[in-house]
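Take a look at the letters that make up each chain.
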Amino acid sequence: MCFRPAAIASDKIACPMCGHENPISATVCEECGFAAKGAASAPAAPGAPKAPGAPAAPGAPKAPGAPAAPGAPKAPQA
């Protein structure tokens, strides 16, 4: 038995706006015209680590040794 996932076409990328499959080299979607950011770079593989400096998702555990986020300033008491 083989449990490998189905092969993913590496020469196409789905538009984040409409889902149309575009060539990796496309700078805009052929269907809706959405401008692709970094069209020359390939998408990250599923499960790949985030790029350094990328913000963590809300509710994600913080990195060990990371400083706590500052709280909102308190209103002065009258």
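Here the structure is shown first, and the text comes after it.
Quick caveat, the model's predicted, so the values are computed rather than measured.

## A few points about the overall build of the protein
Within the protein, the secondary structure is distributed over zero helices and two strands. Counting every position in the protein, which comprises 78 residues, the buried fraction comes to 6%. When contacts within the protein are restricted to residue pairs at least 6 apart in sequence, those whose partners lie at least 24 apart make up 2%. By element, 65% of the accessible surface of the protein is carried by carbon and sulfur atoms, the whole surface being about 7,000 Å².

## Some details on the side chain of Asn22
With respect to the helices and strands, the residue Asn22 is situated in strand E2 (residues 21-23). Among the residues examined, Asn22 registers a relative accessible area of 4% and is labelled buried. Here His20 takes part through its backbone oxygen, which lies 3.2 Å from a polar atom of the side chain of Asn22. Excluding its chain neighbours within four sequence positions, the residues that come into contact with Asn22 are Asp11, Lys12, Ile13, Cys15, Val28, Cys29 and Glu30.

## Notes on the state of the cysteines
Applying the stated criterion across every chain yields a total of zero disulfides. Not engaged in a disulfide, the cysteine Cys15 finds its nearest cysteine sulfur in Cys32; these two sulfurs lie 3.8 Å apart. For Cys29, which is in no disulfide, the shortest distance to another cysteine sulfur is to Cys18 and amounts to 3.6 Å. Under the relative-accessibility criterion, Cys29 is labelled buried at 5%.

## Observations concerning the environment of Cys29
Topologically, Cys29 is positioned in the segment after E2. Remark: the alpha-carbon pair of Cys29 and Cys15, spanning 14 residues in sequence, is separated by 6.3 Å. Not counting residues up to four positions away in its chain, the partners in contact with Cys29 are Cys15, Cys18, His20, Asn22 and Phe34.

## Description of the environment of Glu31
Inspection of the secondary structure assignment puts Glu31 in the segment after E2. By relative accessible area, which is 57% here, Glu31 ends up exposed. Between the alpha carbons of Glu31 and Gly19 there is a distance of 9.0 Å; along the sequence they are 12 residues apart. Setting aside its immediate chain neighbours within four residues, Glu31 contacts Cys18 and His20.

Rules of the game
Within any chain, residue numbers begin from 1 and follow the written order of that chain's sequence. For this predicted model, a pLDDT threshold of at least 70 governs which residues receive local features, and a threshold of 80 or more governs which side-chain atom pairs are given and counted, while totals over whole chains, interfaces and linings are taken from all residues. The basis for every side-chain value is the complete set of non-hydrogen atoms in the structure, without hydrogens or water. Helix and strand definitions follow DSSP, with helices as H or I runs of at least four residues and strands as E runs of at least two, each counted in order from the N terminus. A 1.4 Å probe rolled over the protein chains alone gives each residue an accessible area, and that area as a share of the maximum for its type sets the label: buried under 20%, exposed over 50%, partly exposed in between. By definition, residues are in contact when any of their heavy atoms lie within 4.5 Å. Working definition of accessibility: Shrake-Rupley area with a 1.4 Å probe, residue cover restricted to the visible protein chains. Distance and chemistry together define a polar contact, namely a pair of N or O atoms within 3.5 Å, with one atom able to donate a hydrogen and the other to accept it when in protein, and with adjacent residues in sequence counting only for side-chain atoms on both sides. A pair of sulfur atoms, both from cysteines and within 2.5 Å, is called a disulfide here.

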